[in-house]
Amino acid sequence: MQVPTSVEPGLDFVVTATLIVADIKRSTAFYRDVLGATATPPQHPNDLSFFLNLRVNDIARFHERWRSSGATFITEPKKHASELRCYMRDPDGYLIEVGQTTVTAGPFDLYQ
């Protein structure tokens, strides 16, 4: 999975990930088909772990898109001090945080 080095027009969200899964095909299908990611399964799946924090430009839109595609959210988007945030789980039960900043004019201004 590629992480952009600069913000480009049309960029919807930024991903940081480290991944260990029980079933590579099932997890690949979840990230590709439900979340719309383009990724290659790890070459050595037993050597990896997983943390995922998705930063989006419109949390309501992504919450609805991913929920309607099959994602299981455990919270609705909620306002916190500096962001909107909600949580879902992937097929292995890993927690995924989805957030949208509220402290800058644009959702990706922190990454420029």
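This text gives an overview of the structure that appears in the document. (Residues numbered from 1 in each chain as written. Predicted model: local features only at pLDDT ≥ 70, side-chain atom pairs only at ≥ 80, totals over all residues. Heavy atoms only, no water.)

1. A few points about the environment of Val34
Along the chain, the position of Val34 falls in helix H1 (residues 24-34). Taking the C-alpha atoms as reference points, Val34 and Ala71, separated by 37 residues in sequence, lie 6.5 Å from one another. Filtering out sequence-adjacent residues up to four positions away, Val34 remains in contact with Ala29, Trp66, Ser69, Gly70 and Ala71. (Helix = DSSP H or I, 4+ residues; strand = E, 2+ residues; numbered from the N terminus. Contact = heavy atoms within 4.5 Å.)

2. Some thoughts on the packing of aromatic side chains
Centre-to-centre distance and the angle between the planes together describe a pair of aromatic rings. Going through the model one piece at a time under the given rule, you end up with two aromatic pairs. Arranged with centres 5.0 Å apart and planes meeting at 85°, the rings of Phe30 and Tyr31 form a pair that is edge-to-face. For the pair shown, Phe30 and Tyr31 are each scored as buried. Between Phe62 and Trp66, the ring centres sit 4.9 Å apart and the planes meet at 55°, which makes this aromatic pair tilted. One end of the pair is Phe62 and the other is Trp66, both in helix H2 (residues 59-68) and four residues apart, which spans about a single turn. For the pair Phe62 and Trp66, one class covers both residues: buried. Over the ring of Phe62 we find Arg65; its NZ or CZ atom is 4.8 Å from the centre of that ring. (Phe/Tyr/Trp six-rings, centres within 6.5 Å; stacked < 30°, edge-to-face > 60°. Buried < 20%, exposed > 50% of the residue type's maximum accessible area, 1.4 Å probe, protein only. Lys NZ or Arg CZ within 6 Å of the ring centre and 35° of its normal.)

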